[in-house]
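One-letter residues, chain by chain:
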There are 2 protein chains.
Amino acid sequence: MHEVEPTIQDSIMAVYDQLPPGERKLADTTLSRLNDLASYSATELAVSAKVSKATAVRFFRRIGYQSFGQVRRQARAEAYLASPLYALAGVNPKERATDALSNHVATDIRNLTETFQHQKAKHFDQAVSLIATAPQVRVIGMRNGHFVAQHAAYLLAQLRNNVASLPGSSMTLAEDLASLNKGDVLLVVDFRRRATLLPTVVNAARGANVNLVFISGPGMSALSRPGDIVLQCLTEGASVFDSYVAAVSIVNYLATSVAKQLGKHSRKRLEVIEALHESLEDLRP
Amino acid sequence: MHEVEPTIQDSIMAVYDQLPPGERKLADTTLSRLNDLASYSATELAVSAKVSKATAVRFFRRIGYQSFGQVRRQARAEAYLASPLYALAGVNPKERATDALSNHVATDIRNLTETFQHQKAKHFDQAVSLIATAPQVRVIGMRNGHFVAQHAAYLLAQLRNNVASLPGSSMTLAEDLASLNKGDVLLVVDFRRRATLLPTVVNAARGANVNLVFISGPGMSALSRPGDIVLQCLTEGASVFDSYVAAVSIVNYLATSVAKQLGKHSRKRLEVIEALHESLEDLRP
DNA sequence: ATCGCCATGAAACTTTAGTTTCATGGCGCA
DNA sequence: TGCGCCATGAAACTAAAGTTTCATGGCGAT
């Protein structure tokens with residue numbers, strides 16, 4: 001019978017929930033680099049986790065290694081074993097991945113890269129400006145698009161006031177729409193399998209001179225008119241379901257860009273929200 | 001127009017046949033380790049090529065780098081880009097990401113690849129089986145995780161009966177939980193900034209012997225216990241916000257796998273739903 | 001309020017990696 | 001043979017990484 005040595009991941013997990021905050025940050029950055037851990041120095045890890053070198057030493061000692069050198073040696077040994085996808089996909093780039101998993105990942109990566117490659121910078125910047133400066137921002141998405149819309153609303157609400165996703169509650173859509181004015185932004189997430197409700201909403205918004213920003217799938221959103229701002233995302237799925245990975249990514253980037261445009265202002269807001277949460281004891285560290 | 005930087009391999013090849021014997025030995029060992037070059041020190045390379053450290057320095061300088069530090073940095077970047085998945089996505093490894101946008105995309109691609117690389121196939125398969133066969137499936141996620149949970153519920157609901165996301169409506173959480181029995185599955189989406197409610201829910205579920213499946217960020221979900229099924233996703237963001245791209249991707253793959261396990265059964269269900277939608281005129285083509 | 005515990009980072013310190021200098025020796029060539 | 005060139009490694013040196021020590025500050029218990 002012989003002991004199976006724990007992997008670095010195992011070692012970290014074993015103590016993860018007893019780690020103090022600083023060391024936990026380090027644990028997270030370490031875990032996120034598990035693949036090529038051996039190519040980082042302890043100092044680099046410490047810097048990127050925003051803790052001191054001393055904390056790094058304590059951390060690696062706590063998870064059971066005498067020195068960082070040991071960690072590096074083991075990391076290198078593990079990297080050698082731990083790349084199933086490498087094996088599956090073949091080292092030769094010309095060999096195509098054949099199994100479902102590699103295929104899935106490859107499809108999503110392609111969705112990401114192509115979506116951003118084809119994005120028009122002009123549209124994107126316009127969308128950012130509008131969202132940053134509009135008196136009110138509303139987000140709507142049905143079915144497949146609903147969760148993307150929710151995500152967008154959640155992120156944007158951390159950056160500015162007057163962000164909400166529609167419909168607020170089940171039967172208030174009409175009221176919600178009525179409160180939109182010229183200069184406001186309606187972010188419409190519009191993918192395949194659209195509900196019939198959506199065109200109605202869009203028309204109402206158009207009537208009120210609301211600025212429309214679309215996040216839509218490949219093939220122009222039938223709801224948009226020339227002149228509207230449209231951010232197109234690839235949604236190709238490797239199998240039965242469409243993939244909304246690119247849409248989620250673009251929402252993140254959109255919110256990030258808005259944050260940058262708002263600058264200090266929104267950073268302040270993020271802090272206020274953080275403080276509120278703290279005092280509400282609503283979150284855990 | 002901008003110069004394409006040569007890869008390390010290019011740099012070596014360019015001067016290979018003018019190299020003196022010692023440096024050539026070093027060139028050979030370097031080339032043979034190109035894929036994880038960054039994890040070796042110059043000293044190690046020198047030792048394994050049986051030349052002195054001084055020769056190593058001369059060699060790396062001759063191929064065009066000021067210091068070994070530069071070599072290491074570039075090696076790391078190349079190793080990362082040389083992954084077969086990048087090749088599949090058609091990304092040109094020689095193009096460097098420098099601006100915010102490229103950085104964003106690169107981060108998300110990294111999140112995807114690493115998330116799937118570190119996934120334990122065993123956990124994943126268990127999750128799929130449980131979800132495919134459980135009498136009831138419930139999904140819960142708060143804050144950052146909420147939209148991911150919604151997406152999961154939406155996809156799974158297309159494949160099988162008795163899928164719902166919690167809380168169904170604002171005040172029914174207790175009732176919802178009470179209706180869970182042994183053998184049911186609770187899919188918990190648990191990311192940073194967790195609401196305090198979540199631990200309560202999880203404990204209740206544990207009390208009822210419900211099977212728990214976690215989708216969580218890097219660093220083990222503090223809610224999970226050894227033995228639980230945990231699917232970990234990287235959530236590293238390129239800027240202010242964490243990225244949930246990998247989580248969305250894994251949800252898609254999870255649902256896809258459930259679909260495959262259910263086979264005809266779920267295909268039938270998809271058709272039924274489609275027919276329902278058609279007759280409700282709820283969708284547009 | 002005071003005490004004690006612990007996490008933490010700054011800075012001193014040690015060790016290791018990387019670089020430079022220099023002496024040696026091989027090799028071609030006059 | 002003697003000269004110059006250059007590759008090379010040993011060793012001195014410098015820079016960077018890793019480790020230790022220590023002072024601070026937060027936090028809970030007394």
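Trainee: Got a minute to help me understand the protein's contact with DNA strand D in this structure?
Mentor: DNA strand D sits among 20 residues. The nearest are Ala42, Arg61 and Ser67 of chain A together with Gly22 and Thr55 of chain B. Measuring from a base nitrogen of DNA strand D, one finds a side-chain N or O atom of lysine 53 of chain A at 2.9 Å. Secondary-structure elements contributing two or more residues to the surface near DNA strand D are α3 (42–49), α4 (53–62) and α5 (68–81) of chain A together with α2 (21–32) and α4 (53–62) of chain B. Of all the elements, α4 of chain A adds the most residues to the surface near DNA strand D, at 4 residues. Partitioning the surface near DNA strand D into residue classes produces 8 nonpolar, 6 polar and 6 charged.

Trainee: Just to check I follow, could you spell out the sheet that holds strand β2 (residues 163–166) of chain B for this structure?
Mentor: Within a sheet, neighbouring strands are paired by backbone hydrogen bonds and run either parallel or antiparallel to one another. All names here are of chain B. The strand order across the open sheet built from 5 strands is β2-β1-β3-β4-β5, with neighbouring strands paired in parallel fashion. Each edge of the open sheet is held by one strand with a lone partner, namely β2 and β5 (229–232). Here the average twist between neighbouring strands, direction ignored, is 20°. Relative to β2, strand β1 (residues 137–141) is paired through 4 bridges, and the arrangement is parallel. Directly across from isoleucine 140, in β2, lies its bridge partner leucine 166. Across the sheet, helix α11 (residues 197–207) touches β1, β3 (185–190) and β4 (211–216), and the angle it forms with β3 is around 160°.

Trainee: Please explain unusual backbone geometry as it appears in this structure.
Mentor: Note: most residues except glycine have negative phi, and most peptide bonds are trans. A positive phi angle is found at asparagine 162 of chain A, which is not glycine, with a value near 60°. Within the fold, asparagine 162 of chain A resides in the loop between α9 (146–157) and β2 (163–166).

Trainee: What is the right way to look at helix α3 (residues 42–49) of chain B in this model?
Mentor: In an α-helix, one turn spans 3.6 residues; hence positions three or four apart end up facing the same way. Residues and elements named next belong to chain B. Those residues of α3 lying buried are Leu45, Ala46 and Ala49. Down the axis of α3, the buried side of the element spans an arc of 100°, and every buried residue falls inside it. Within two residues after α3, lysine 50 carries a phi angle of roughly 60°, on the positive side.

Trainee: Which parts of the structure should I look at to understand the sheet that holds β2 of chain A?
Mentor: Residues and elements named next belong to chain A. Strand order in the open sheet formed by 5 strands is β2-β1-β3-β4-β5, and the pairing between neighbours is parallel. Lying at the two open borders of the sheet, with one neighbouring strand each, are β2 and β5 (229–232). For this sheet, the mean inter-axis angle between neighbouring strands, taken without regard to orientation, is 20°. Both strand β3 (residues 185–190) and strand β4 (residues 211–216) contribute to a ladder of 6 bridges, which runs parallel. Its bridge partner being in β4, valine 188 is matched across the sheet by phenylalanine 214. Where helix α11 (residues 197–207) meets the sheet, it contacts β1 (137–141), β3 and β4, and its direction lies at approximately 160° from that of β3.

Trainee: Would you mind going over empty space enclosed by the protein with me for this structure?
Mentor: By rolling a water-sized probe across the atoms, one finds the places where empty space is left. All names here are of chain B. For the structure on display, the rule yields 1 cavity of 30 Å³ or more. The volume enclosed by the largest cavity comes to roughly 30 Å³. Ala152, Leu155, Leu156, Leu187, Val251, Leu254 and Ala255 are the residues that line the largest cavity. Taken together, the elements giving at least two residues each to the lining of the largest cavity come down to α9 (146–157) and α12 (245–262).

Trainee: How do you make sense of the protein's contact with DNA strand C when you look at a structure like this?
Mentor: In the vicinity of DNA strand C lie 20 residues, with Gly22 and Thr55 of chain A together with Ala42, Lys53 and Arg61 of chain B positioned nearest. When the atoms of DNA strand C within 4 Å of the protein are sorted by group, sugar and phosphate make up 59%. In the model, a phosphate oxygen of DNA strand C is placed 2.8 Å from a nitrogen or oxygen of the alanine 42 of chain B main chain. Contributions of two or more residues to the surface near DNA strand C are made by α2 (21–31) and α4 of chain A together with α3, α4 and α5 (68–81) of chain B. Sorting elements by how many residues they give to the surface near DNA strand C places α4 of chain B first, with 4 residues.

Trainee: Explanation requested: the pattern of salt bridges in the structure shown.
Mentor: Where charged atoms from two side chains of opposite charge come close, those side chains can pair. Taken as a whole and judged by the stated rule, the model has 9 salt bridges over all chains. With a shortest N-O distance of 2.6 Å, arginine 76 of chain B and glutamate 44 of chain A are connected by a salt bridge. With one member in each of two chains, arginine 76 of chain B in helix α5 and glutamate 44 of chain A in helix α3 form a pair that bridges those chains. Residue arginine 76 of chain B is classed as buried on the basis of its relative accessible area of 14%. The salt bridge partner of arginine 206 of chain B is aspartate 228 of chain B, with a shortest N-O separation of 3.0 Å. Here the residue arginine 206 of chain B occupies a position in helix α11, and aspartate 228 of chain B occupies one in the loop between β4 and β5, the gap between them amounting to 22 residues.

Each value, and the rule that gives it
- Residues numbered from 1 in each chain as written.
- Chains lettered and ligands numbered in written order.
- Predicted model: local features only at pLDDT ≥ 70, side-chain atom pairs only at ≥ 80, totals over all residues.
- Heavy atoms only, no water.
- Near = heavy atom within 4 Å.
- Polar contact = N/O pair within 3.5 Å; in protein donor to acceptor, adjacent residues only side chain to side chain.
- Helix = DSSP H or I, 4+ residues; strand = E, 2+ residues; numbered from the N terminus.
- Nonpolar A, V, L, I, M, F, W, Y, C, P; charged D, E, K, R; others polar.
- Pairing = 2+ DSSP bridges.
- Axes fitted to C-alpha atoms, helices over the stretch in contact; angles between N-to-C directions.
- Contact = heavy atoms within 4.5 Å.
- Buried < 20%, exposed > 50% of the residue type's maximum accessible area, 1.4 Å probe, protein only.
- Arc of directions from axis to C-beta.
- 1 Å grid on protein atoms, 1.4 Å probe; cavity = no way out; pocket = protein on both sides within 12 Å on 5 of 7 lines; lining within 4 Å.
- Points joined across faces, edges and corners; volume = space filled by probe spheres on them.
- Salt bridge = Lys/Arg side-chain N within 4 Å of Asp/Glu carboxyl O.

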